[in-house]
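Spelled out from the first residue to the last, the chains are:
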Amino acid sequence: MGKSSLRVRTMHRLKQAGFACAAIDITSIGAADTTVEQWYAGLIDYLVTDLNLYAQLDLNDWWQQQELLSPVQRFSKFISEVLLVLVPQSIVVFVDEIDSVLTLPFNQDDFFAVIRDCYNRRADQPAYNRLTFALIGVATPSDLIQDRRRTPFNIGRAIELTGFQLAEAQPLKLGLAERATDPQAVLRTILDWTGGQPFLTQKLCKLVRQVETEIPVGKEAHWVTELVRCKVIDNWEAQDQPEHLRTIRDRLLYSGSQNTGRLLGLYQQILQQEGLTADDSLEQMKLRLTGLVVKQQGKLQVYNQIYATVFSATWLEEVLAELRPYTESIMAWEKSGRQDESRLLQGEALREAQVWAVGKSLSDLDFQFLRASENLSNRAIQAALEAERQANQLLSQASEEAQQTLQAALEAEQQAKQTAQQTLTKASRRAVFVSSLGMAAMVMSLIVAQKAQDKTVAAEATLAATNVRLVVAASREEVLAGKPFVGLLKALEAAQQLKKLSKTFQDDKTQSQVIAALQAGYGVSERNSLEGHESVVSSVSFSPDGKTIASASADKTVKLWNATSGKVVNTLRGHESVVSSVSFSPDGKTIASASRDDTIKLWDATSGKVLNTLRGHESVVSSVSFSPDGKTIASASDDKTVKLWNATSGKVVNTLRGHERELLGVSFSPDGKTIASTSWDDTVKLWDATSGKVVNTLRGHEPVVWSVSFSPDGKTIASASRDDTIKLWVASSGQLLNTLEGHESDVFSVSFSPDGKTIASASADDTIKLWDVSSGQLLSTLKGHEYESLVLSVSFSPDGKTIASAHADNMIRLWLLDVDQLIAMNCDLIHAYLITHENKAHFCNAIPPAINKEQRLNGTPHSTHIKGWHHSLY
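Since we're looking at a predicted model, the values are computed, not measured.

Asks: How would you sum up the pattern of salt bridges? Please name residues and give values.
Replies: Within this structure, the stated rule accounts for 14 salt bridges. Where Glu37 meets Arg74, a salt bridge forms, and the shortest distance between an N and an O atom there is 3.9 Å. Highlighted residues: Glu37 in helix H3 (residues 36-50) and Arg74 in helix H5 (residues 71-86), separated in sequence by 37 residues. Overall, Glu37 belongs to the partly exposed group, its relative accessible area being 39%. Judged by relative accessible area, which is 4%, Arg74 ranks as buried. One salt-bridge network, held together by shared partners, links Glu237, Arg249, Asp250 and Lys640.

Asks: Mind laying out the nonpolar core, listing which residues take part and the relevant values?
Replies: A general trend in soluble globular proteins is that nonpolar side chains are found buried together. One finds Ile306, Tyr307 and Phe311 to be the most contacted residues of the largest nonpolar core, which totals 48 residues. With 6 residues, helix H11 (residues 220-233) is the largest single contributor of residues to this core. Among all residues touching Ile306, those that are not within four sequence positions of it are Trp193, Thr194, Leu200, Leu204, Val228, Val232 and Leu245. Within the second largest apolar cluster, 43 residues are counted, among which are Ala22, Trp39, Val72 and Leu104.

Asks: Lay out H3 with the relevant residues and their values.
Replies: With 15 residues, H3 should cover 21 Å at 1.5 Å per step; its first-to-last C-alpha distance of 22 Å lies within 8% of that length. Of all the positions in H3, only Trp39, Tyr40, Gly42, Leu43, Ile44, Leu47 and Val48 are classed as buried. Structurally, H3 contributes buried residues whose contacts are with strand E1 (20-25), helix H2 (26-29), helix H4 (59-65), H5, strand E2 (91-96) and helix H6 (109-120). In the stretch just after H3, Asn52 is the one whose phi turns positive, near 55°.

Asks: Could you give an account of the pairing of strand E11 (residues 568-573), naming the residues involved and the relevant values?
Replies: The pairing of strand E10 (residues 557-562) with E11 spans 5 bridges and is classified as antiparallel. From the neighbouring strand, Trp561 faces E11, where its bridge partner is Val568. In this antiparallel pair of consecutive strands, E10 and E11, the connection spans 5 residues, and Gly566 shows a positive phi of 80°.

Asks: Lay out unusual backbone geometry with the relevant residues and their values.
Replies: Of note, the amide linkage connecting Gln241 to Pro242 takes the cis form, showing an omega dihedral of -10°. When you line up the elements, Pro242 lands in the loop between helix H12 (236-239) and helix H13 (245-254). The backbone of Asn52 shows a phi angle near 55°, a positive value even though the residue is not glycine. For Asn52, the position within the fold is in the loop between H3 and H4.

Cut-offs used in this document
Residue positions are counted from 1 within each chain, in the order its sequence is given. Totals for whole chains, interfaces and linings use all residues, but because this is a predicted model, local features are given only for residues with pLDDT of at least 70 and pairs of side-chain atoms are given and counted only at 80 or more. Excluding hydrogens and water, the side-chain values take into account all heavy atoms of the structure. For salt bridges, the criterion is a side-chain nitrogen of Lys or Arg within 4 Å of an Asp or Glu carboxyl oxygen. Secondary structure elements follow DSSP: runs of H or I of four or more residues count as helices, runs of E of two or more count as strands, with numbering from the N terminus. Only protein chains enter the area calculation, which uses a 1.4 Å probe; residues under 20% of their type maximum are buried, those over 50% are exposed, and those in between are partly exposed. To define a nonpolar core, start from buried Ala, Val, Leu, Ile, Met, Phe, Trp, Tyr and Cys residues and group those joined through side-chain atoms within 4.5 Å. The criterion used for residue contact is that any of the two residues' heavy atoms lie within 4.5 Å. In this analysis, the expected span of each helix is defined as 1.5 Å times one less than the number of residues it contains. Strand pairing requires that DSSP identify at least two bridges connecting the strands.

Given below as structure tokens:
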């Protein structure tokens, strides 16, 4: 606070005292878009300009003469051979906004190592005693050299700026005398509200001067308090000009999503305990650097009354409610009177919520919601264990009965063989005398043996039939659990086992059960489930030729799959955190992946090798997209920017700034002239891809806009939002065309079919919905995954016949959209298990074509529409 004005005043005094002064503003040199050579050349240019050295030095020639040295060596040599030689007096170099150095795309430790080297040289080179650096910014000395293997930046001393005390603020009293008989009382009340914070103190003094009425004697405190509430606190976001309170808010909420929860939890403890013992931990230091809290008498406290009133416990609860990962679920649960258990958290969602809750003082509602979710999870686990126990018991009983029957049959068979052998032996001895009697005994023995063999076959068949019924039961359970595709596979397994039995043991009840199971799965459009990721699958994309699928996951990998077989082709490893987005280049040769490790990686699609790592974003990279010509890559980040990169060199071409909050999605138009981006600020922005200027801002969604997509002809834009809707916009004008409603929770992803006639949307309500673009009508709903399996991304195959979807249960699923192909495939698939039976064609032919068309793709069992047709199967 007050850093820049303090630097200006200090420089003025130093120059009057005969010092040579130079001021370097790091932000004006550049950070993310600047190369290491450009950055160090910029530093030297500042020094040459401020110290008027251009008459004595040709910087271009000098820089070229040092080309064999690294940029940091040139900087060090400039100090020793130019700066200290050409400037005879004492020199003070002010480096402002030093915290910007921490975001450089190259190693900034070298810069601070040079400064430390200048300090160390004072011992044997007296000229260096004339040189002093003053580093100004929102940072601590320990931040400056981050490589713990190097000597820390432990030279000089840190100067922590504090607020105005009453004695220091006395000059301000002169300006208040025109409005108050007792200006000291007014000033004291102002400082009571601001805590001496320089900007707020001067702002309140200015507000007092702007009021033309006299401040009543004895009413100074009340008068100033009403002024603060009216002009600063009420509707503070709109009145915050020049921006100050919003800066505090943004530092707290948007400096890095991985730290936000911890900082908010720490701030919550300070509010609840009216202070917190200071321990100078990293989290406490980061909270102090937001400006919201200060260290006083060994405790962290809210800086002033204005901050405490604006960023109150109520405000904090609202922010936490927005940031909590289960807001939609807890609100729906509360709305149901806390009775709807389907809204409780399970599996990975529950584990993420429990991790998020650590260190936070939760409300009673949060506590009860998480406790109810834990109880439901425990009950579900117990129920699953009990079901497994009962199923094992049933199978064990059936197996035991069959084994007993089988054992009895085997014993009877053995006894019959022994009897037959004895009879044959005796018959041979008496052959001459009793041949006819011996032959009769032998025949009887063989009959007994045959009956024993029949009992053995029957026992085996009984056991097999029992297994068939168990598999059918498992199929039914999968269908009821919302997994018809798995149920269909179980039904086909049951049919295969039944087919191996002879017709004698295919009783009507078992046959009917198998047929019913096949019917239940007949309309399933899910074609495959790709398993291999170890965590949430966040993004999925088809290659341009449709033969390969790329998926990005929270397990820090990108996987490539054969789109036909569903087998993993390659696993791309290299990111250090969650991979949030993946995209193929138009020629299919390169894959781009965006990650929470703040980078984009480019991979060779054939070998899986890393081609380049693009660094420059200051925070999480949430989305990445290739331009139609493949020459440019666009990336969206939590640092509130879109960056355009040269796909060949990996250099930043442009940085687009305009969103007020973190970005979530980015997409090129088909002609490559326009870029669309989405953000937490509830908008979609359209940018000119050449100039980087905002062309239009689309407003209409209420909360977050997760993703955006252009139609193939580029005329329509679709956006997906937390408000549970998809909006269609005219790309040229930004006019809203339609709002598609039907999802019950966040819509995370939206994609146009290749012909532009259909839109697929992926949602937190565990479904994929297909919409007609022209009418906005809902065509069908795809649902076949496990409960709580959020659908995070959806992509059409290039031929438009298949959809790939990414899920929070670590799976990728493929869905067949072509109706005729779906019917043919299901018929062929089922016929393959029924080839021993006559009139198998009736299985499909008996289903009216209209039903095939209308009922496809929704995963609903068709048996209610098909009566009597199945009797011809057997």
